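# Structural characterization, general
Spelled out, the chains give:
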Amino acid sequence: TIEVFPEYMDGLQDLDGFSHIIVLTHFHLIKDYKLKVIPYMDNKKRGVFATRAPARPNPIGLSIVRLMKIDENILHIRDIDIIDKTPILDIKPFVHSFNTDDSITIGWLDKQIHKLPESKDDSRFIPSNPSPHEEEDK
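A few points on the structure.

Rules of the game
Residues numbered from 1 in each chain as written. Predicted model: local features only at pLDDT ≥ 70, side-chain atom pairs only at ≥ 80, totals over all residues. Heavy atoms only, no water. Helix = DSSP H or I, 4+ residues; strand = E, 2+ residues; numbered from the N terminus. Buried < 20%, exposed > 50% of the residue type's maximum accessible area, 1.4 Å probe, protein only. Contact = heavy atoms within 4.5 Å. Areas by Shrake-Rupley, 256 points an atom, 1.4 Å probe, with all protein chains shown as cover. Pairing = 2+ DSSP bridges. Phe/Tyr/Trp six-rings, centres within 6.5 Å; stacked < 30°, edge-to-face > 60°. Core = buried A, V, L, I, M, F, W, Y, C linked by side-chain atoms within 4.5 Å.

Below, the discussion takes up the overall build of the protein. When helices and strands are counted, the protein shows one helix and seven strands. Going through the 138 residues of the protein one by one, you find that 28% of them count as buried. Pairs at least 24 residues apart make up 70% of the contacts formed inside the protein by residues separated by at least 6 positions. Summing over all exposed atoms, the protein offers an accessible surface of approximately 10000 Å²; the carbon and sulfur share of this is 53%.

As structure tokens, then:
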């Protein structure tokens, strides 16, 4: 769930008509960053801006999630990829038609994306957990 402060509840009007929303977050647990990281679903160092890694110079996250229902100031969602208590910076409706383009490519992930249905978070980006590739990170 996402709890919206009561003073912003009026801003939720009409959001219930959207199946998905964009959630912008602040990666508040990130204290440092690296410009090259070993990203989720890969074992090779990549430039941080070519990944969705949270440890970045400006720790802002973006997730597109399914909006299940709204109970007053509580948004019930699915498919979020953030840690509990992560501060939400903004919420926007996701409009598929604004984001459809047959020329979109996904770079290095093109060779990895087939792993997505079986992939699980390995907690490598939680500050207290070392990377499974710690030697390669150095």
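This part takes up unusual backbone geometry. Positioned with a positive phi, Met41 is a non-glycine residue whose angle comes to about 70°. Looking at the secondary structure, you find Met41 in the loop between strand 3 (36–37) and strand 4 (46–47). Backbone geometry places Asp79, a non-glycine residue, at a positive phi of 70°. When you line up the elements, Asp79 lands in the loop between strand 6 (74–78) and strand 7 (88–93). The exposed category is assigned to Asp79, whose relative accessible area is 56%.

We now examine the pairing of strand 5 (residues 60–71). By the bridge criterion, seven bridges tie strand 2 (residues 20–26) to strand 5 in an arrangement that is antiparallel. Within the sheet, the bridge partner assigned to Leu24 lies in strand 5 and is Leu62. Pairing analysis gives five bridges linking strand 5 to strand 6, with the strands arranged antiparallel. Each bridged residue has a counterpart across the sheet, and for Arg66 the counterpart in strand 6 is Arg78. Connecting strand 5 to the next strand, strand 6, in antiparallel fashion are two residues, including Glu72 with a positive phi near 55°.

Taken as a whole and judged by the stated rule, the model has one aromatic pair. Ring centres of Phe5 and Tyr8 lie 6.4 Å apart, and the angle between their planes is 40°; this geometry places the pair in the tilted category.

With respect to the helices and strands, the residue Ser63 is situated in strand 5. Once residues within four sequence positions are removed from consideration, Ser63 is found in contact with Ile21, Ile22, Val23, Arg52, Ile80, Asp81 and Ile82.

Along the chain, Ile74 turns up in strand 6. Overall, the relative accessible area of 22% leaves Ile74 in the partly exposed class. Sequence spacing of Ile74 and Phe5 is 69 residues, and the spatial spacing of their C-alpha atoms is 9.1 Å. Non-local contacts of Ile74, meaning those with residues more than four positions away in its chain, are made with Thr1, Ile2, Glu3 and Lys69.

A few words now on the nonpolar core. Among the nonpolar cores identified, the biggest contains ten residues, and these are Ile2, Val4, Leu12, Leu15, Ile21, Val23, Val65, Leu67, Leu75 and Ile77. Counting residues per element, the ones that place at least two in this core are strand 2, strand 5 and strand 6. Setting aside anything within four residues of it in sequence, one finds Leu67 in contact with Leu15, Asp16, Phe18, Ser19, His20, Ile21, Leu75, His76 and Ile77.

The strand order across the open sheet formed by five strands is 1-6-5-2-7, and the pairing between neighbours is antiparallel. Edge strands, defined here as strands with exactly one partner in the open sheet, are strand 1 (2–3) and strand 7.

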